Structures are given as structure tokens and as C-alpha cells.
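Per-entry structural report
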Amino acid sequence: MDWKQHAADLARTAVHPASAWHGPVLATPRHLCVPRWYAAGPEGWTPADGPADEMAWARAAYTDQTLVTRVGPVHADHAADGQAVTGRPTSSSTLPSLVVSMLAHGRLLEGQALLDVATGSGYSAALACARLGDDYVTTVDVDPYLTEAAGERLDRIGHHPKVLTQDAAAELPGEYDRIVSMVSVPRVPASWLRVLRPGGRLVTTLAGTGLILTADKGEDGGASGRIEWDRGAFMATRTSDDYPPQLDALFQEVRERDGDDVTMSSFPVLDVMQAWEVWSMLSLTAPGIEHRNGTDGNGDRMTWMLHPDGSWARAHTQPGSRTTTVHQGGRRRLYTMLEAIRWRWIEHGELPVYGARVTVTPDGSTTLARGGWTVTL
């Protein structure tokens, strides 16, 4: 495979030519990090084998896209050819432009020690090694197979960073000038602050949101910064082979049930997770909401909101209508929370999540604030 030409094509689409990360993208054979991956289909996730079809391998690896590499507990390396796997993605090789964006937010300079959180396929570590040098890069992942495979693939590329199997939210070895996370966290882990050197910088996304948080460590051991104006989202941290089960039982229970509270909304049904500002603010207001969308037999647009505490909402908009019938039940009124956020969005022309000031205390308590709005995670 003439991977260098493909890497040049990727670099043209994923990174500005004046960026310090342009060279590392040109120099990194991404396909060696992802020899197998999953393709989504109607029956689940079907593994694709790169060496079996080098043209398809090159198209997949050198297009600016995310390649899912693990579904539930099954890595694509271990999936049977042609056999679909069902479940939620638990690891991936993230689209290169977002990886580069996260690294660029880190403001990395030569001679600085980097902790790359969530090794995954090893691609972000490979880019960091190409920029900083192997001796300055440590990469960690909670999954022992991912670190083993990534270590071998990085070695094949010619990079030898320190690769550790480690829960990044637990106590960490070493000291670092920069921490850049390719996984989302509920709030900044206190362990990061303990290993971040004074004046050091951390970059992460917040779980359940499209928010990129950057912060610099202060003299008190905490950190301060902001939510960046560009957006990004990653899979959330996990401590076991898979994420907790989805709320399928609650969904079946309330799928067509009338709610304790039935109202009319003047807004049509919204695909919340495609409206990044709304989704992010709702997730900060009520973390853990599961969203599902679809249509019924009449063509009505449907949405469901489900929460582990048993709260739920079901809403539908008829074809051609701009109003919505809303059913809600459980302890909290999830759709009412969503409506309040949508009204604020209309009244102010924006929501306060992007551009918010960030304050992190030494114990990891993370506060966002902007325009009179504040939330502590």
C-alpha cells in the first residue's frame, strides 16, 4: 500500500498545512493502527479486515472518520469474519481531525511530557510521538488488550512511548506538563491534577456533552480555564468490559404508555443529540438521560427520554405539524427541563455552555459559569 500518498490526502482534509500537527499526520501510517474495524449495518456491527482488501483499508483508514474497533466486550480483532456483533461501541480510532484538535488545544511544545489518556488504537500516541519524541509520551488505557495491541502496532510504526494499562481516573504514575484525553469524563479527575505539573495544561471532553474543556493548573493545586467554542465528543470512561446496560426495560414499559402528565408543546420533536448546545446543557442539568428517536405507524416523529431514576418522557409530532404531544412520568419531568432549555436558547440566541469559564478545585470539583448560569459537576 502506498500509504504515504493516502496520508497526504488525509492531511489535506484533517489539518491545516500551517499546523504543527500537519507533519505528524503525514508521517503516521494510520492503517497499521487499525487493521480491523467494524462497519455498521441493519443487523449490527460487521468486522472488516484491512489486509483482505487493501483498497477498502486505505479508504477507511485515510478518510477523516471514526472507525469503531470494539463493540461491547468484542474487539474487531477477535470478531468472526462476516458475523455481526450487537451492542454499543466501546472503543474506536477517532476521526483524525478531532484527535488533532484535542492535541492542538494542549499547546504542546518540544520537551514537554504528555499523558495521552485512552490509548485506543494508538493513533493519537503515534501523532504525539512524531511531534514530541517517544521519550516524552505516556499513553494509558483501562483495557489490557488495547494497550497490548497498540504497543505492538506503535512498535511496528517505529514509535516506543510508555504504554500503561491503567484506569486514568485512579492514581497515576509520573508527572506531566500536558494531559490530553481521548475519552470523556464526568468531571476532571483529581488524580490528573496531582500528576500535572504547576502551570501544566489539561484537555478533555465532558461525558454526555459536546464540550471541550481546557484548563491550566494554578498554584493552589486546582485549575482554571474555559469551555472551548469548537465542539467534540468521545466515548465515556468505563471501568469494565462494557458500559452498563441501556434502559431497554424502561423503554418497553413506557413506549406507548400514557403519562401521569400530558401536555402540548409549541415546538416540534427535536433530535436532541444533534442539537449540540441543547444536548450539552441538558446533560449538565440532568446527567444520564438516554435519548431514542423514531416514527410510529402514522408517520409521527417520536422521541423518548429515559433516566435511570425511572423518569421518562414520550413526545410525538404529527406530519406537517409544529406542535408536540408530550407524556411524562416518574420523579422528574425530563421534557419540561428540555423545554426550558429550548426557550432559553430562543430568548437569548445561544446557551451559556460554550465559552463558559471553568474552575476546578484540587479534589476535581468542576464548575462551569457564564452569564449568570453556573453548574458544578
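Preceding this section is the structure that the text describes.
Everything numeric in this text was worked out from a predicted model, so none of it was measured.

1. Quick look at the sheet that holds strand S18 (residues 357–360)
- Read across the sheet, ten strands follow the order S8-S7-S6-S9-S10-S11-S12-S18-S19-S20 without closing on themselves; strand pairing throughout is mixed. The open sheet is flanked by strand S8 (162–165) and strand S20 (373–376), the only strands paired with a single partner. Put simply, the sheet's adjacent strands are angled 20 degrees from each other on average, direction ignored.
- With four bridges connecting them, strand S19 (residues 366–370) and S20 associate as antiparallel partners. Within S20, the residue paired with Thr 367 across the bridge is Thr 376.
- Relative to the sheet, helix H5 (residues 96–105) contacts strand S6 (114–117), strand S9 (176–185), strand S10 (196–206), strand S11 (211–217) and strand S12 (223–231), its axis offset from that of S9 by approximately 145 degrees.

2. Structural notes on the packing of H5 against helix H6 (residues 123–132)
- The contact between H5 and H6 brings their axes to 10 Å, and the two run at 50 degrees. As summarised for this structure, H5 and H6 are arranged oblique, according to the angle between their axes. Read as a crossing pair, H5 and H6 show a hand that is right-handed. Of H6, the residues touching H5 (which contributes Pro 96, Val 99, Val 100 and Leu 103) are Tyr 123, Ser 124 and Leu 127.
- Considered class by class, the residues forming the contact of H5 with H6 number six nonpolar, one polar and no charged.

3. Details of helix H10 (residues 276–285)
- Among the ten residues that make up H10, eight are buried, leaving the element largely enclosed by the rest of the structure.
- Of the positions making up H10, those classed as buried are Trp 276, Val 278, Trp 279, Ser 280, Met 281, Leu 282, Ser 283 and Leu 284.

4. Quick look at the pattern of salt bridges
- Inspection of the entire model under this criterion finds 21 salt bridges.
- The partner of Asp 143 in a salt bridge is Arg 238, and the shortest N-O contact between them spans 3.4 Å. Here Arg 238 lies in the loop between S12 and helix H9 (248–254) and Asp 143 lies in the loop between strand S7 (137–141) and helix H7 (144–157), a separation of 95 residues in the sequence. Here Asp 143 and Arg 238 have matching classes, each one buried.

5. Some details on H6
- With respect to burial, H6 is a largely interior element, nine of its ten residues being buried.
- Every buried residue of H6 is listed here: Tyr 123, Ser 124, Ala 125, Ala 126, Leu 127, Ala 128, Cys 129, Arg 131 and Leu 132.
- Gly 133 sits one or two positions beyond H6 and adopts a positive phi of about 100 degrees.

6. Examining unusual backbone geometry
- Although it is not a glycine, Arg 107 sits at a positive phi angle of roughly 50 degrees.
- When you line up the elements, Arg 107 lands in the loop between H5 and S6.
- For Arg 107, a relative accessible area of 54% gives the class exposed.
- Non-glycine residue Ala 118 carries a positive phi angle of around 80 degrees.
- You can see Ala 118 is positioned in the loop between S6 and H6.

7. Remarks on the side chain of Thr 28
- As for its placement among the helices and strands, Thr 28 is situated in the loop between helix H2 (22–27) and helix H3 (30–33).
- By relative accessible area, which is 2% here, Thr 28 ends up buried.
- A polar side-chain atom of Thr 28 sits 2.6 Å from the main-chain carbonyl oxygen of Pro 24.
- Setting aside its immediate chain neighbours within four residues, Thr 28 contacts Trp 3, Ala 7, Tyr 62, Tyr 123, Ala 126 and Leu 127.

8. Brief notes about the pairing of strand S5 (residues 89–93)
- Burial analysis of S5 places four of its five residues in the buried class, the great majority of the element.
- Bridge count for strand S3 (residues 67–71) against S5 is four bridges, and the pairing is antiparallel. Residue pairing for S5: Arg 70 is matched across the bridge by Ser 91.

9. Notes on the environment of Arg 332
- Within the secondary structure, Arg 332 sits in the loop between strand S17 (324–329) and helix H11 (334–348).
- For the pair Arg 332 and Ser 311, spaced 21 residues apart in the sequence, the C-alpha separation amounts to 5.5 Å.
- When neighbours within four sequence positions are excluded, Arg 332 is seen to be in contact with Ala 286, His 307, Asp 309, Ser 311 and Met 337.
- Among the polar contacts made by the side chain of Arg 332, one reaches the side chain of His 307 at a distance of 2.9 Å.
- Within polar-contact distance, the side chain of Arg 332 engages the side chain of Asp 309 at 3.1 Å.

What counts, and where the lines are drawn
- Numbering of residues starts from 1 in every chain and runs along the sequence as written.
- Confidence filtering applies because this is a predicted model: local features only for residues at pLDDT of at least 70, side-chain atom pairs given and counted only at 80 or more, and all residues used for totals across whole chains, interfaces and linings.
- Derived side-chain values reflect all non-hydrogen atoms in the structure, with water molecules and hydrogen atoms excluded from consideration.
- Criterion used throughout: strands pair if DSSP finds at least two bridges between them.
- Working definition: helices are DSSP H or I runs of at least four residues, strands are E runs of at least two. Numbering for both runs from the N terminus.
- A fitted line through C-alpha atoms serves as each axis, taken over the contacting stretch for helices, and the angle formed by two N-to-C directions is quoted from 0 to 180°.
- Note on definitions: a residue-residue contact is assigned when non-hydrogen atoms from the two residues lie within 4.5 Å.
- Oblique is the label for any angle not under 35 degrees, not over 145, and not in the 65 to 115 range, which are roughly parallel, roughly antiparallel and roughly perpendicular in turn.
- Left-handed is the label given to a crossing in which the near helix is rotated counterclockwise from the far helix by less than a right angle, and right-handed is the label when the rotation is clockwise.
- The nonpolar class holds Ala, Val, Leu, Ile, Met, Phe, Trp, Tyr, Cys and Pro. Asp, Glu, Lys and Arg form the charged class, and all remaining residues, Gly among them, are polar.
- Exposure classes here rest on a 1.4 Å probe applied to the protein chains alone. A residue is buried below 20% of its type maximum, exposed above 50%, and partly exposed in between.
- The working definition used for a salt bridge is a side-chain nitrogen of Lys or Arg within 4 Å of a carboxyl oxygen of Asp or Glu.
- A 3.5 Å cut-off defines polar contacts: any pair of N or O atoms within that distance qualifies, except that in protein one atom must be a possible hydrogen donor and the other a possible acceptor, and neighbouring residues in sequence count only when both atoms are side-chain atoms.

By themselves, these figures tell us nothing about what the structure is for.
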